[in-house]
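Chain by chain, the residues:
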Amino acid sequence: MNTPFFIARRYLFSKKAQNVINIISGVSVFGIMVSTAAMVIILSGFNGIEGLVVKMFGSFDSDIEITAKNAKTFDKNFIPPTIYEIDGLVNYTEVIEEIAIVKNQDNFIIGTIKGVAPTFLEMCEMNNHLLDGNARINDDFGPVALIGGGALENLDGYIFQIEGQYEYFTVYSPNRDKKISSNKLKNIDAFTTSQIPVGGVFSFNNDVDQNFLIVPIDYAAEIFNYNNEITQLELDFEDGLDLNEVKSNLEELVGPSFEVKTNFEQNQLIYETSQSEKWITTLLLGFIFFLATFNMIASITMLVIEKKNNMKTLDALGAKQSQLHKIFFFEGLLINGFGLIFGLIIGYGICFLQQHVGLIRMENSMVEYFPIIFKGIDFVLILGITLFFGILAAYLPSRFLINRILNE
């Protein structure tokens, strides 16, 4: 039998002469338990929010985007045909994306017109993001627009529930070969005026919802006076492919005149901000756990003082100094271990209930309940933080106090 561990276990569960030691030991376990549970819940919550952000921004943006490096537009014929034969390609669309004024009666917005092929609706899973209307950009009579929920609200627009009936929005698109002047009379020819029916409203994220109008690419080319020019080429690939490797292959095919970006690079600032917030929060939680271990240090210190005579007796009976150190070291490990186990059970238990029952709702969001996602790296991180500070807090008092007592 491991004698130091046996004695440490007895010390932990037996009643002390001074009841305050029992209280401090209980508070130590409770503090470590709460800190551990908090780390589990908060990190899992951050994972859920990160997943939600990826879903919100990643679904509207394609896996890969190709643009001209030194110009706003490029001739679509400059794209080598081998691009469309690359392994893993599922869908693609040529895109014309320009700023225009969209008007409905007395309301107007400065929005982004995105002209796409019908395949874009599959690429962005439009059916899953449609709030009202039909997910299409053409009907039997011509082009139809889809608009973001925020833009529709700002324009005081309406989606008819009767098939074939639409509200028409006016689009003022700037002419590429004209300059806008401060003289209103000279601005008559600076814009091309057109009307388009709106057949559906979607919701992806706040930026897209407030600004975007999705139209057929032929309509966009007509109102912006484009011939063979496009602003970008968007491609979607099979799940599981390494997009960085795909990007490298595409860069070799298109050459130095084009810039190739992955979905992550298109939204790099958003993703990096989310990651930075998570790591800052992790550091703060680690610091809180470190403070919680001070209760454990106090508990071990008071126990060493109470058992001072016992230590001298064991020393006289031939117990090694290392064995005496281990008694209180194991005492600290037991306090830390119980707090860790209870904290993990409570933390993951609450997260499990949130996933399957829904304890906290998210009002006015694309998901009904606050998202929770478990990651193995978080479990390893929590174990690392709790074990590091726990072992350190158990070692210091057991090491230095025993030496001091025996040398008195």
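Caption draft 1: Broad picture of the overall build of the protein. Along the protein, the regular secondary structure elements total 13 helices and 14 strands. Among the 408 residues that make up the protein, the fraction classed as buried is 45%. A total accessible area of about 21,700 Å² is found for the protein, and carbon and sulfur atoms account for 57% of it.

Caption draft 2: Local environment of the environment of Ile 217. Here Ile 217 is to be found in helix H7 (residues 217–223). According to the relative accessible area criterion, Ile 217 is buried, its value standing at 16%. Counting along the chain gives 101 residues from Ile 217 to Val 116, while the straight-line C-alpha distance between them is 4.5 Å. Among all residues touching Ile 217, those that are not within four sequence positions of it are Glu 94, Val 95, Ile 96, Gly 115, Val 116, Ala 117 and Ile 230.

Caption draft 3: The arrangement of the confidence of the model for the protein in detail. Overall, the prediction assigns the protein a mean pLDDT of 83, with 87% of residues at 70 or greater. Of all helices and strands in the protein, the one with the weakest mean pLDDT is helix H1 (residues 3–13) (66), whereas strand S11 (residues 212–216) scores best (95).

Caption draft 4: Structural context of unusual backbone geometry. At Gln 105, a position not held by glycine, the phi torsion is positive, near 55 degrees. With respect to the element layout, Gln 105 can be found in the loop between strand S3 (89–104) and strand S4 (107–116). The class for Gln 105 is exposed, based on a relative accessible area of 57%. Phi angles above zero are rare outside glycine, and Asp 156 is one such case at about 55 degrees. Using a relative accessible area of 55% as the deciding quantity, one classes Asp 156 as exposed.

Caption draft 5: Focus on the nonpolar core. Counting residues in hydrophobic clusters, the biggest one holds 42 residues, and the most contacted among them are Ile 66 and Ile 147. Of the residues forming this core, the biggest block, 5 residues, is contributed by H7. For Ile 147, the residues in contact, after removing those within four places along its chain, are Leu 152, Leu 155, Phe 169, Val 198, Gly 200, Val 201, Phe 202, Phe 212 and Leu 213.

Caption draft 6: Expanded view of the pattern of salt bridges. In this structure the tally under the stated criterion is 7 salt bridges. Here Lys 375 ties to Glu 50 by a salt bridge, and the two come within 3.6 Å at their closest N and O atoms. One end of the pair, Lys 375, is in the loop between helix H12 (321–356) and helix H13 (376–406); the other, Glu 50, is in helix H2 (residues 19–58), with 325 residues separating them in the sequence. For Lys 278, the salt bridge is made with Asp 378, and the minimal N-O distance between the two is 3.2 Å. Highlighted residues: Lys 278 in helix H10 (residues 268–306) and Asp 378 in helix H13, separated in sequence by 100 residues. Pair check on accessibility: Lys 278 and Asp 378 agree, each one buried. What emerges from the salt-bridge pattern is a single network uniting Glu 97, Lys 114 and Glu 234.

Caption draft 7: Fine view of the side chain of Thr 67. By secondary structure assignment, the location of Thr 67 is in strand S1 (residues 64–68). Setting aside its immediate chain neighbours within four residues, Thr 67 contacts Phe 74, Thr 231, Gln 232, Phe 258 and Glu 259.

Caption draft 8: A nonpolar patch on the surface, seen in detail. Where nonpolar side chains cluster on the molecular surface, the patch consists of Ile 341, Phe 342, Ile 345, Ile 346, Ile 350, Phe 352, Leu 353, Val 357, Leu 359 and Ile 360 and spans about 920 Å² of accessible area. Positionally, Phe 352 belongs in helix H12. Classification of Phe 352 as partly exposed rests on a relative accessible area of 46%.

Caption draft 9: Just the packing of aromatic side chains, in detail. By the definition in use, this model includes 16 aromatic pairs. Ring geometry for Tyr 84 versus Tyr 92: centroids 4.4 Å apart, planes at 40 degrees, classification tilted. Look at Tyr 84 and you get partly exposed, because its relative accessible area is 27%. Taking relative accessible area as the criterion, Tyr 92 reaches 34% and is therefore assigned partly exposed. Put simply, the rings of Phe 60, Phe 120, Phe 202, Phe 204 and Phe 212 pair up and form one aromatic cluster.

Caption draft 10: Examining a negative patch on the surface more closely. A contiguous patch of negative charge, built from Asp 87, Glu 125, Glu 238 and Asp 239, is present on the exposed surface. Tracing the chain through its elements places Asp 87 in the loop between strand S2 (74–75) and S3.

Caption draft 11: A look at the pairing of S3. Looking at chain direction, S3 and strand S13 (residues 232–237) are connected through 6 bridges and run antiparallel. Note on S13: the bridge partner recorded for Leu 89 is Phe 237. Pairing between S3 and S4: 9 bridges, direction antiparallel. Its bridge partner lying in S4, Glu 98 is registered against Ile 113.

Caption draft 12: Summary view of helix H8 (residues 243–254). The terminal C-alpha atoms of H8, which comprises 12 residues, lie 16 Å apart, in line with the 16 Å expected from a rise of 1.5 Å per residue. Within H8, burial applies to Val 246, Lys 247, Leu 250 and Val 254. Take H8 and look down its axis: the buried residues cluster within an arc of 100 degrees, on one side only. Looking at the buried positions of H8, the neighbouring elements they touch are S1, S13, strand S14 (258–262) and helix H9 (263–266). N-cap assignment for H8: the residue whose side-chain oxygen lies 3.1 Å from the backbone N of Asn 244 is Asp 242. Two residues or fewer after H8 comes Gly 255, characterised by a positive phi angle close to 85 degrees.

Caption draft 13: Structural detail: the side chain of Asn 205. Here Asn 205 is to be found in the loop between strand S10 (191–202) and helix H6 (206–211). Under the relative-accessibility criterion, Asn 205 is labelled buried at 3%. Among the polar contacts listed, one links the side chain of Asn 205 to the backbone nitrogen of Asp 207, at a separation of 3.2 Å. Dropping the residues within four chain positions of it, Asn 205 is found in contact with Met 56 and Phe 57.

Definitions and cut-offs
Residues numbered from 1 in each chain as written. Predicted model: local features only at pLDDT ≥ 70, side-chain atom pairs only at ≥ 80, totals over all residues. Heavy atoms only, no water. Helix = DSSP H or I, 4+ residues; strand = E, 2+ residues; numbered from the N terminus. Buried < 20%, exposed > 50% of the residue type's maximum accessible area, 1.4 Å probe, protein only. Areas by Shrake-Rupley, 256 points an atom, 1.4 Å probe, with all protein chains shown as cover. Contact = heavy atoms within 4.5 Å. pLDDT = per-residue confidence, 0-100. Core = buried A, V, L, I, M, F, W, Y, C linked by side-chain atoms within 4.5 Å. Salt bridge = Lys/Arg side-chain N within 4 Å of Asp/Glu carboxyl O. Patch = residues over 30% accessible without salt bridge, like charges linked within 9 Å, V, L, I, M, F, W, Y side chains within 5 Å. Phe/Tyr/Trp six-rings, centres within 6.5 Å; stacked < 30°, edge-to-face > 60°. Lys, Arg positive; Asp, Glu negative; His and termini not counted. Charge placed at Lys NZ, Arg CZ, Asp CG, Glu CD. Pairing = 2+ DSSP bridges. Expected span 1.5 Å × (residues − 1). Arc of directions from axis to C-beta. Polar contact = N/O pair within 3.5 Å; in protein donor to acceptor, adjacent residues only side chain to side chain.

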